[in-house]
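Chains, contacts and geometry: an overview
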Amino acid sequence: MSTPVLRVEHLAKAYGRVVTARDVSFDVAAGEVLGVVGPNGAGKSTLLSLVTGTTPADGGRVRLDGVDVTRASAARRSALGVGRSYQVPRPFGQMSVFENVLVGAAYGGARRGREAHRQAAGALERCGMTRLADTPAGSLRLLDRKRLELARALATGPRLVLLDEIAGGLTDAELPELVALVADLRSSGLAVVWIEHIVHALLQVVDRLMCLALGDVVAIGDPHAVMRDPRVVEVYLGSGPADEVGA
Amino acid sequence: MDWVGAVVQGILLGGQYALLACGLSLVFGVMRIVNLAHGVLAVAAAYVVLWLTVEVSLPLLLGVVVVVPLFAALGYALQRGLLNRALRQGELSPLLVSFGIGVVLTNLLQETFSADTRSIAIGDLGTAGVSVGPLTVGVFALVTCAAGVGVIAAVQLFLARTRTGRAMRATSDDPETAQLMGIDQRHLYGLATAIAVGTVALAGAFVGMSTQFSPTYGDLVLIFAFEAVIIGGLGSLWGTLWGGLVLGVAQTVGSQLDPAYGVLAGHVVFLLVLLVRPSGLMPRTVTA
Amino acid sequence: MSALLEVAGLDVHHGDLQALHGLELSVSAGETLAVIGANGAGKTTLLRAVAGSLPVSAGRVVLDGEPVEHLPAHQRVALGIALTPEGRRIFPSLDVEENLLVGAYRARRGPWDLASVYDLFPLVSDRRARSGAHLSGGEQQAVAIGRALMSNPRLLLLDEVSLGLAPVVVGEIYAALPRIVERGTTVLVVEQDLDQALGCADRVQCLLEGRTVLEGPAGSLSRDDVTAAYFGI
């Protein structure tokens, strides 16, 4: 079997007494979407930061296409093909959609001039944003801002895309469009990790699902099986492990 | 005059500065507003006292008793009418609005009272002195200082012990949650500014009796008050009292070195405190 | 008979995110309603909109027949709505007793005062002179509930009581709930922990992305029903 695009091995991270990742291992292949769910404080966003390299890990390894990048900087990982979207889209509101994506292509991907333009145009097209290229980003509706966020991540030419809670706030009519877009990314051969608390949106597209709670992997595998797993139901609904906050 | 005398004079002067600075400190502590009109309001109060005593022929004490509630009401109106609105626009807006109020008020005073320097006559009180051991201390300076300490203690007690004072401290901590306790922050902010402007009116009356003033004298008052607040630590009333005393002593001791250096010495101490202890001598106790 | 709280067609937006979509909810006097749902379901938004901390875009919030959606938060307190906010929000520069007294700033007549709150939470009584900045999570939660009670509310809104607290502390706090209800306060609680919600409430309403997906008497709902509604699957 071919090398997975992302392989995470025994990843660990703690902030003082608060453990946000404990022995987390999983991998994602090209053309695969891995969904990540978990209640507040599960360590989902930390996991993304550990993979992108904005937060250093306490232990464990992160491999991209088999290459150990555990010690590599976020910029280096971006150049090696890690792209991410942010939970709250923050485009440069005064700039056009195209210029916003170009910033991603020129800086994130370390490309220049004509190639950056081509890359940006391609990213816009993949996200169905070409007709909005000249619109100021500040005037976009929510779904289009999320598309722009994706296009910015794609403009760096990634092999792996990390999506952080992109479905929040969308209407019932818009949600399928976003899901279809993620499915397109998969069929173009990208590896996708999608963190989301809107579970029914995830279930429409992910190949596998991972549930985290307090830094632990509770379950990983077939999405429907994971959501039926009593341990997963317990971390959401039960009086599962709680941490005493405060002095 | 010897060094001990200079220090004693400085402490008495510091009481006046503390009185001037009390309202500035309170408004900052409760609302995080730096009221740039603070100094002009003091001078305006001095003019009103002057007018009441000269034109209306009120006795001086009665003039002062009238001006304090009058200015407190003015403070409440300014807060409800202008500053509360400005607060909703962000942090810079109240600063600019208070600057604007200061400019308008200064010009209004110039139109009404001309730019000539004036002072409030206090007769024998100005020269009366009492002997304390080898020193002779001015009675008027003693009264001013006592007023400063008394006002600061009273406002501090109000914040610590009363229902409204507690509500002010709660609002200073967390305005949104304070509203969930049934506190109307617009009214409460109005009360805080009423206290601030009322106390600075009293301070202004004392300034008018102790020195020559003109409509633009407010700039200097604002600087001294501001320095006292910063030296003591932003948002701390007892700190403001200490800040006033430190500033006053620095000025009189500086004058003792060379009469031209008094005010400068105060500024130097202010800068030194900013350098060494940027949070002031007693940071944040007004709400503690 | 009319409900104590009636929420009808409530829309609330955070910027251009719509957090509540035409939400309907009603709580009868003396009843305890638990609102459950995943992160982002709109539970906290609902409580804040009822308390007046958040503006509503459309819809009505009616307390005992009187529309209150246009009133600022501080006036709703006077009418009998009290909220213990998410994160407790104890005033850090006030001590515990002062926090409680601030809660009584606009108190209505009723059974709750310092003595009865201390009686309800002996833990709070022991800490009365302690600074609000130096409390454990459980102490904060008890002070926050006591502070809300000091206004003698007709409707008490409790947000995320158990979040981040050790189970034993959660148990102690929930043990006080029946004593609050029996003194005539109606409770609307937002809770992530299903067992706690089912245990304390007469009725449960489950939200998903700003809409109600399931509601019913606490005893009639199976764990499977709730799970499906909770995740929308």
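Residues numbered from 1 in each chain as written. Chains lettered and ligands numbered in written order. Predicted model: local features only at pLDDT ≥ 70, side-chain atom pairs only at ≥ 80, totals over all residues.

1. Digging into the UniProt feature "transmembrane region" (unreviewed entry) in chain B
Applied cut-off: UniProt positions are given in the numbering used here, feature names are shortened, and annotations may be inferred rather than shown by experiment. Each helix is a run of DSSP H or I of at least 4 residues and each strand a run of E of at least 2, with the numbering of both proceeding from the N terminus.
Sequence positions flagged by UniProt for "transmembrane region" (unreviewed entry) are, in local numbering, residues 6-29, 36-54, 60-78, 90-109, 135-159, 188-209, 221-247 and 259-276 of chain B. Structurally, residues 259-276 of chain B comprises 83% helix and 0% strand, and the distance from its first C-alpha atom to its last is 27 Å.

2. Thoughts on the interface of chain C and chain B
The condition is simple: Two residues qualify as being in contact provided that their C-beta atoms, derived from the backbone, are within 7 Å of each other. Amino acids outside the nonpolar list (Ala, Val, Leu, Ile, Met, Phe, Trp, Tyr, Cys, Pro) and the charged list (Asp, Glu, Lys, Arg) are all regarded as polar, and Gly is one of them.
Taken together, the 21 residues of chain C in the interface contact 17 residues of chain B. Of the residues that constitute the side of chain C that touches chain B, the class distribution is 13 nonpolar, 5 polar and 3 charged.

3. A word on the arrangement of the chains
By contact count, the dominant pairing among the 2 pairs of chains in contact is that of chains A and C. Regarding chain A and chain B, which are not in contact, the minimum distance between any of their C-alpha atoms is 19 Å.

4. Let's talk about the interface of chain C and chain A
Each partner contributes to the interface: chain C provides 26 residues, whereas chain A provides 22 residues. Elements with a minimum of two residues in the side of chain C that touches chain A: strand E2 (17-27), helix H6 (137-149), helix H8 (194-200) and helix H9 (223-231) of chain C. For the side of chain C that touches chain A, the per-class residue count stands at 11 nonpolar, 11 polar and 4 charged.

5. Considerations on the environment of B:Val200
Residue and element names in this part refer to chain B. The condition that has to hold: To assign burial, the other C-beta atoms lying within 10 Å of each residue's own C-beta are counted, with C-beta atoms placed from the backbone; 20 or more indicates buried, 12 or fewer indicates exposed, and intermediate counts indicate partly exposed.
Tracing the chain through its elements places Val200 in helix H8 (residues 185-210). Given 36 C-beta atoms within a 10 Å radius, Val200 is considered buried. Linking Val200 and Pro134, residues 66 residues apart in sequence, is a C-alpha distance of 34 Å. Setting aside anything within four residues of it in sequence, one finds Val200 in contact with Leu20, Gly23, His38, Leu41 and Ala42.

6. A look at the nonpolar core
Operational definition: In this usage, the nonpolar core is the set of buried Ala, Val, Leu, Ile, Met, Phe, Trp, Tyr and Cys residues whose C-beta atoms join them within 7 Å.
In this structure, A:Cys211, B:Ala45, B:Ala46, B:Ala225 and C:Leu157 are the most contacted members of the largest nonpolar core, which totals 254 residues. Sorting elements by how many residues they give to this core places H8(B) first, with 15 residues. In contact with A:Cys211, other than residues within four places in its own chain, are A:Val37, A:Gly38, A:Val218, A:Ala219, A:Val226, A:Val232 and A:Val235.

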